[in-house]
Amino acid sequence: MHTIAINGLTGLKYLPQCFDKTAQEDLLADVREVVAAAPLFQPVMPNTGKPFSVRMSNCGPLGWVSDINSYRYQPNHPETGLMWPAIPARLLELWKAVAPDAPEPEACLINFYEPTARMGLHQDRDEAMFEAPVVSVSLGDTATFRVGGTNRKDPTKSFRLSSGDVVVLGGDARLAYHGIDRILSGTSKLLKNGGRINLTLRRVTAP
DNA sequence: GAGTGCCT
DNA sequence: TCGC
């Protein structure tokens, strides 16, 4: 586990190849099961209705959604109305390993990136408590990840996240701006049709 | 009031 | 929460 040195942050952790090939395949099977029950949907931006380039789903008691009205967490899928499936056990184990002092995660956002998908620089700040970290797992094609500081104008650095890598935004880095500049298509064979899956675990409410 | 989009 |  490395601390990523940027803007003096000490809580930005990078765990390269936290999941080996077999574990990545197991995780992928978990994700497929979740998405079978809670299909990927195309979120849109509040107010403008502009679509995101990623498609999303969730598992856990709460899921992050965005529609014409707002960004928010809710217990059910926006299209099927069903509750989100449970967070797979191996993701809960990851959380216990990297965030032993934090309460259980309530949300696992699944972002699916086509090769052309992007995610602009943003903060994860729709949660009601920031004491718990945000834990992110990459699967599939390598992505160029950009991370800055707590202020939008802070300098940023970019580095690559490949399949099986884990990033933790905790402590002073919990509200660090971050985003995905681009997907490096064809860099992984994990997903038959290419693309990248990002799993983001979060605690949403105070325990 | 828009917003993790914006432009290559 | 804030470049718009």
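In case you missed it, the structure is sitting above this.
Residues numbered from 1 in each chain as written. Chains lettered and ligands numbered in written order. Predicted model: local features only at pLDDT ≥ 70, side-chain atom pairs only at ≥ 80, totals over all residues. Heavy atoms only, no water.

### Quick notes on the nonpolar core
- If you look at the biggest cluster of nonpolar residues, it comprises 33 residues, and the most contacted ones within it are Leu12 and Met56.
- Among the elements of the structure, strand E2 (12-15), strand E4 (63-66), strand E6 (107-113), strand E9 (142-147), strand E10 (157-161), strand E11 (166-169) and strand E12 (178-184) are those that each provide at least two residues to this core.
- Ranked by size, the runner-up nonpolar core spans 29 residues in total, among them Leu15, Trp95, Ile110 and Val135. (Core = buried A, V, L, I, M, F, W, Y, C linked by side-chain atoms within 4.5 Å. Buried < 20%, exposed > 50% of the residue type's maximum accessible area, 1.4 Å probe, protein only. Helix = DSSP H or I, 4+ residues; strand = E, 2+ residues; numbered from the N terminus.)

### Quick word on the packing of aromatic side chains
- Under the defined criterion, the tally for this structure stands at 5 aromatic pairs.
- Consider the rings of Phe41 and Trp84, whose centres lie 6.4 Å apart with planes at 35 degrees: the pair is tilted. You can see Phe41 sitting in the loop between helix H1 (21-37) and strand E3 (55-59) and its partner Trp84 sitting in the loop between strand E5 (71-74) and helix H2 (89-98), a full 43 residues away along the chain. Across the pair, exposure class does not vary: Phe41 and Trp84 are buried alike.
- Taken together, a centroid distance of 5.5 Å and an interplanar angle of 85 degrees make the contact between Phe145 and Phe159 edge-to-face. Linking Phe145 in strand E9 with Phe159 in strand E10, this pair joins segments that are 14 residues apart in sequence.
- For Phe159, a relative accessible area of 18% corresponds to the buried category.
- Across from the ring centre of Tyr113, 5.2 Å away, lies the NZ or CZ of Arg196, which sits over that ring. (Phe/Tyr/Trp six-rings, centres within 6.5 Å; stacked < 30°, edge-to-face > 60°. Lys NZ or Arg CZ within 6 Å of the ring centre and 35° of its normal.)

Function-wise, these values are silent; they only describe arrangement.
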